[in-house]
Amino acid sequence: MNAPLLEVEGLRTHFFTRAGVVKAVDGVSFALAPGEILGLVGESGSGKSVTGFSLLGLIDPPGRIVDGSVRLEGEELVGMPTRALRRLRGRRIAMVFQDPMMTLNPVLSIGTQMSLAIRAHDAVSDKAARERSAAVLARVGIPDARARLDAFPHEFSGGMRQRVAIAIAMAHSPAVIVADEPTTALDVSIQAQILFEMRELARESGTALVWISHDLATVSSLAERILVMYAGRIVEEGATATVLRDPRHPYTRGLLDSLPATAEPGRPLNQIPGTTPSLLALPPGCPFAPRCAHASGSCREDPPRRAAAGRAYRCHHPLERVA
Amino acid sequence: MAGYVIQRCLQAVVVMFVMSVIVFVGVYAIGNPMEVLIPLDAPQDVRELIIARFGLDRPLWEQYLVFIGNVAQGDFGRSFVYATPVLDLILSRLPATLELTLAAVFGATFIGVPLGIWAGYRPDAVSSKTIMGLSILGFSVPTFWVGLILILTFAVSLGWLPAGGRGPTVTVFGIEWSFLTPEGLSHLLLPAVNLSLFKLAMMIRLARAGTREVLLTDTIKFARAAGLSEGTIVMRHVLKLIAVPIVTVFGLELGSTLAFAVVTETIFSWPGLGKLIIDSITSLDRPVMVAYLILVALLFVTINLVIDLTYAALDPRISRGAAS
Ligand SMILES: Nc1ncnc2c1ncn2[C@@H]1O[C@H](COP(=O)(O)OP(=O)(O)OP(=O)(O)O)[C@@H](O)[C@H]1O
Ligand code: SF4
Ligand SMILES: [Mg+2]
């Protein structure tokens, strides 16, 4: 593996709400190599988005990164002054959000929004910014890009809007793009297309991707490595093929069993029983215990992270290797 | 867009028609001006002669048709009291009210919106809390009371500013304006401040509420993720996103202040429309009341039209949505 581009260590992001402290991200560590595609999977509410926002320092009050470190190209981002952080956002590390209907500004033209993103980091003329905008839009597959600069978001389909958002994220060829479920809100037919395009774009420009999704199938078709997230922690990680073939954590197993592709036709899907626990006042011990068929008394203790041969998991009773 | 404009204009015509009927009937119901105008001891035949001359002996619908016919020719009738054409009377008072209103509404907007954005942007700062505290004060203290306090403080005690009247005016394009001389400006200051305090409070709260809401959206988060500076985010994204409600209130305030700056004009003896309408009501000067109210209705219809067209310019979704 190359020297890590992004190193996350012991990241903790908590929300200090009226009801109590929500430990949305609670000790997340991982590394990302240049050009790598890393998948981050987990059920809704497991803390994937908060992890993504934390990487860019985009946590709004009452949330706060309470501990840990995020190093991008050797530079520590946690605690970095806002101005310095702003100069990295969009230039070295960018993000694409889930819902393209909500991310673009409805009252500004596409060209204006592109230009604002370009001029956030490069002091170029209006005209030059427009030229570059058109070029980037063309790259993400928007037909007749120059003519569409004056269009407004509502004149675009969901897929086209997400392409614009991707163009904004790509405008400065960043080293990392955090893609937070960028296809979830789109029609199924568009999903695969955007997925494919984004992978190609990342490959061409050498951009590494952190691909967030609740859908293991999507991530496994894309990512070289995956992190499985549960209740604010990474419970299992490793090369995608290995984790899929041979999950060690019961939660990963559960996710795999609930995939339609693995189920026998005509039988109901094997959903994991229960729901994601509230991250507010989580009891000590393994957070998966109430839903876990393998739970025992020792699971009342926090399982330590066990790592070996490029993979790791956090479970007292890891599943046996299938032969 | 053209279809949208035509549709809105037709609506405006219908509204004006309905308003003119309501005004005519309403003013008719207030009271009979002849009771005030004709001496009580006038003989019966003189009384009937006068009533016939003003056309008040005819049925209401006929009076209405005559009135509408005259209005179509630009004639709103003559004041019973001043015996001059009503339109001249109103137009002669308009500039005074216009400059007072513009000063108050523009002042409130250009000061209130930035303060409100700041208070929404940094809700926990001491300065923001101070701004919000003052805005509550601006809402809850009655205008006449503030007016009196302003006069007592700045005119009577300190003697810095005049207590009332319009001061010297300068004639431009045949219209008299106060704000063009330092002396006139000093006369304008207190009534304008008095009139603007409530609007200032409203603009602050409007801008703050809008800003707080907008700042939580993905749009702003995405702009931050792209590395836009906070200044750019506020000036380019936030301002445009909160503009629609602010333009609405701006327009409606402009209209209602032009029409009903009565309290402030009375306290500061400002010779504007507010004083004219109060006088016309006490003397049951029916033509002045009718013309005034119809012009006010026209003013509001026009302002609403302009606001709607401004929306279409501010938010591209509106015009194209309506056209399709
Ligand atoms: N502003 C906030 N205030 C309080 N709690 C929050 C806030 N934002 C997120 N959380 C909590 O953090 C937890 C993780 O949220 P997050 O959005 O990261 O989940 P996710 O894994 O992205 O889920 P999804 O698949 O639904 O997007 C949730 O329990 C959520 O309630
Ligand atoms: S630690 Fe225990 S409860 Fe948690 S996943 Fe492993 S076996 Fe299940
Ligand atoms: Mg999410």
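Residues numbered from 1 in each chain as written. Chains lettered and ligands numbered in written order. Predicted model: local features only at pLDDT ≥ 70, side-chain atom pairs only at ≥ 80, totals over all residues. Heavy atoms only, no water.

1. Considerations on the interface of chain A and chain B
Tallying the contact residues gives 30 residues for chain A and 20 residues for chain B. Roughly 2,300 Å² of surface becomes buried between chain A and chain B when both sides are summed, with 66% attributable to carbon and sulfur atoms. Of the charged contacts, one joins Arg224 of chain B and Asp60 of chain A as a salt bridge, the two residues approaching to 4.0 Å between their closest N and O atoms. At the boundary of chain A and chain B, one finds seven residue pairs in polar contact (both at pLDDT 80 or more). Secondary-structure elements contributing two or more residues to the side of chain A that touches chain B are β6 (93-96), α3 (100-103), α4 (110-119) and α6 (158-170) of chain A. Looking at side-chain class alone, the side of chain A that touches chain B contains 19 nonpolar, seven polar and four charged residues. (Contact = heavy atoms within 4.5 Å. Buried area = accessible area lost by both parts, 1.4 Å probe. Salt bridge = Lys/Arg side-chain N within 4 Å of Asp/Glu carboxyl O. Polar contact = N/O pair within 3.5 Å; in protein donor to acceptor, adjacent residues only side chain to side chain. Helix = DSSP H or I, 4+ residues; strand = E, 2+ residues; numbered from the N terminus. Nonpolar A, V, L, I, M, F, W, Y, C, P; charged D, E, K, R; others polar.)

2. Observations regarding the side chain of Ser258 of chain A
Residue and element names in this part refer to chain A. Tracing the backbone through its elements, the reader meets Ser258 in the loop between α10 (250-257) and β11 (306-308). Relative accessible area serves as the criterion here: at 15%, Ser258 is assigned to the buried category. A distance of 2.8 Å separates a polar atom in the side chain of Ser258 from the backbone oxygen of Leu255. (Buried < 20%, exposed > 50% of the residue type's maximum accessible area, 1.4 Å probe, protein only.)

3. Thoughts on the layout of surface pockets
Roughly 1,200 Å³ of volume is contained in the largest pocket. Along the wall of the largest pocket there are 31 residues; nearest its centre are Ile59, Asp60 and Pro61 of chain A together with Arg122 and Arg224 of chain B. Of all elements in the fold, only β4 (63-72) and α2 (82-88) of chain A together with α5 (86-121) and α8 (182-215) of chain B reach the threshold of two or more residues within the lining of the largest pocket. Here the lining of the largest pocket takes five residues from α2 of chain A, the largest share from any one element. (1 Å grid on protein atoms, 1.4 Å probe; cavity = no way out; pocket = protein on both sides within 12 Å on 5 of 7 lines; lining within 4 Å. Points joined across faces, edges and corners; volume = space filled by probe spheres on them.)

4. Digging into helix α1 (residues 2-30) of chain B
A rise of 1.5 Å per residue sets the reference length of α1 of chain B, with its 29 residues, at 42 Å; its end C-alpha atoms lie 42 Å apart and thus fit the reference within 8%. Among all positions in α1 of chain B, only Tyr4, Arg8, Ala12, Met16, Ser20, Val23, Phe24 and Val27 of chain B are buried. (Expected span 1.5 Å × (residues − 1).)

5. Digging into the environment of Ala281 of chain A
Along the polypeptide, Ala281 of chain A turns up in the loop between α10 and β11. Distance in space between the C-alpha atoms of Ala281 of chain A and Ala19 of chain A is 9.5 Å, their sequence separation being 262 residues.

6. Quick look at the site of ligand 1
All names here are of chain A. Taken together, 14 residues lie near ligand 1, and Ser44, Gly45, Lys48, Ser49 and Val50 sit nearest. One nitrogen or oxygen atom from the main chain of Gly47 is found 3.0 Å from an oxygen atom belonging to ligand 1. A distance of 3.2 Å separates an oxygen atom of ligand 1 from a polar atom in the side chain of Glu181. Coverage of ligand 1 by the protein chains reaches 65% of its 640 Å² of free accessible surface. Top contributing element to the shell around ligand 1 by residue count: helix α1 (residues 48-55), with three residues. Partitioning the shell around ligand 1 into residue classes produces five nonpolar, six polar and three charged. (Near = heavy atom within 4 Å. Areas by Shrake-Rupley, 256 points an atom, 1.4 Å probe, with all protein chains shown as cover.)

This is a description of form; function is not addressed.
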